[in-house]
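# Observations on the three-dimensional arrangement
These are the residues of each chain, in order.
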Amino acid sequence: MRALVVVGMLAVVALVFVVVALIRDTQSNAGLAEGCPEDWPRADVTLRERKDVKINVMNSTERPGVAGIVGDDFRNRDFQVKKVANEKKQIDGVAVLRYGPKGVGSAHLLRAYFLGRAKLEYNPEREDDVVDVVIGNGFQQLATTTEVNQSLGDLGAPVAPPGSCPVTDEK
């Protein structure tokens, strides 16, 4: 009987905790561009589905053919691979993701495929929604579906880069 009373009290305390957390939530307007300077670009922070993400895959390694292999891997995962090419300058890291304001949510999703270890290069002048995925010498393989889901949980929600304002896609 005592155990039931303790479990009941724990349930009540948990319920009170949840209600207080919901009432004090300061992120209820997250993603809105209220109070944003007019000359700042509006960053699309909508987390895209794979089928809606457009990418260019570039090989920046000393190994030939890496961009083609990674491009095929992304195609098999339902991404829209627009271009596969070689990058002149080699990078030592796992990958670099280059994108503009319309590609913020897409770059966030792609970052999970590199377990958060891809370097982000945001260009506020870029006008397309394509993300350049530059594969570096530190790349071994893309994450599995389970690893991607865990990485997305670790990364949290997409946020607008400095100098831009978050705007969600209103479809």
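So, here is what we can say about the structure in this document. (Residues numbered from 1 in each chain as written. Predicted model: local features only at pLDDT ≥ 70, side-chain atom pairs only at ≥ 80, totals over all residues. Heavy atoms only, no water.)

## Let's talk about the side chain of Ser106
Within the secondary structure, Ser106 sits in helix H3 (residues 104–113). Discounting residues that sit within four places of it in the chain, Ser106 has contacts with Thr46, Arg48, Val53 and Val131. (Helix = DSSP H or I, 4+ residues; strand = E, 2+ residues; numbered from the N terminus. Contact = heavy atoms within 4.5 Å.)

## Points about the sheet that holds strand S6 (residues 130–135)
Pairing in this open sheet of five strands is mixed, and the strands run S3-S2-S6-S4-S5 from one edge to the other. Looking at the sheet topology across the chains shown, the edges are occupied by strand S3 (80–86) and strand S5 (119–122). Along the sheet, successive strands turn relative to each other by an average axial angle of 20°, direction set aside. Direction of pairing for strand S2 (residues 54–59) relative to S3: parallel, over a ladder of six bridges. Counterpart to Met58 in the pairing with S3 is Ala85. Of the strands in this sheet, S2, S3 and S6 touch helix H2 (residues 66–76), which is tilted by about 155° from S2. Running over the sheet, H3 touches S2, strand S4 (95–99), S5 and S6 and is turned about 170° from S4. (Pairing = 2+ DSSP bridges. Axes fitted to C-alpha atoms, helices over the stretch in contact; angles between N-to-C directions.)

## What to know about the pattern of salt bridges
Under the defined criterion, the tally for this structure stands at 10 salt bridges. Residues Asp44 and Arg48 are paired through a salt bridge, measuring 2.3 Å at the closest nitrogen-oxygen approach. With a shortest N-O distance of 3.1 Å, Asp132 and Arg126 are connected by a salt bridge. Asp132 sits in the buried class, given a relative accessible area of 12%. Taken together, the salt bridges that share partners define one network made up of Glu87, Arg98, Lys119 and Glu121. (Salt bridge = Lys/Arg side-chain N within 4 Å of Asp/Glu carboxyl O. Buried < 20%, exposed > 50% of the residue type's maximum accessible area, 1.4 Å probe, protein only.)

## Structural notes on the pairing of S6
Most of S6 sits inside the fold, with six of its six residues counted as buried. Taking every second residue as pointing to the same face, both faces of S6 are buried, with Val130, Asp132 and Val134 on one and Val131, Val133 and Ile135 on the other. With six bridges joining them, S2 and S6 adopt parallel strand pairing. Counterpart to Lys54 in the pairing with S6 is Val130.

## Points about the environment of Tyr113
Locating Tyr113 in the fold gives a position in helix H3. For the pair Tyr113 and Leu152, spaced 39 residues apart in sequence, the C-alpha to C-alpha distance is 8.9 Å.

## Things to note about the packing of aromatic side chains
Under the counting rule described, the total for this entry stands at six aromatic pairs. On the basis of an interplanar angle of 50° and a centroid distance of 5.7 Å, the ring pair of Tyr99 and Tyr122 is categorised as tilted. Of this pair, Tyr99 sits in strand S4 while Tyr122 sits in strand S5; the two residues are 23 residues apart in sequence, bridging distant segments of the chain. Given a relative accessible area of 6%, Tyr99 falls into the buried group. An aromatic cluster is present here, built from Phe74, Phe79, Tyr113, Phe114 and Phe139 joined pairwise through their rings. (Phe/Tyr/Trp six-rings, centres within 6.5 Å; stacked < 30°, edge-to-face > 60°.)

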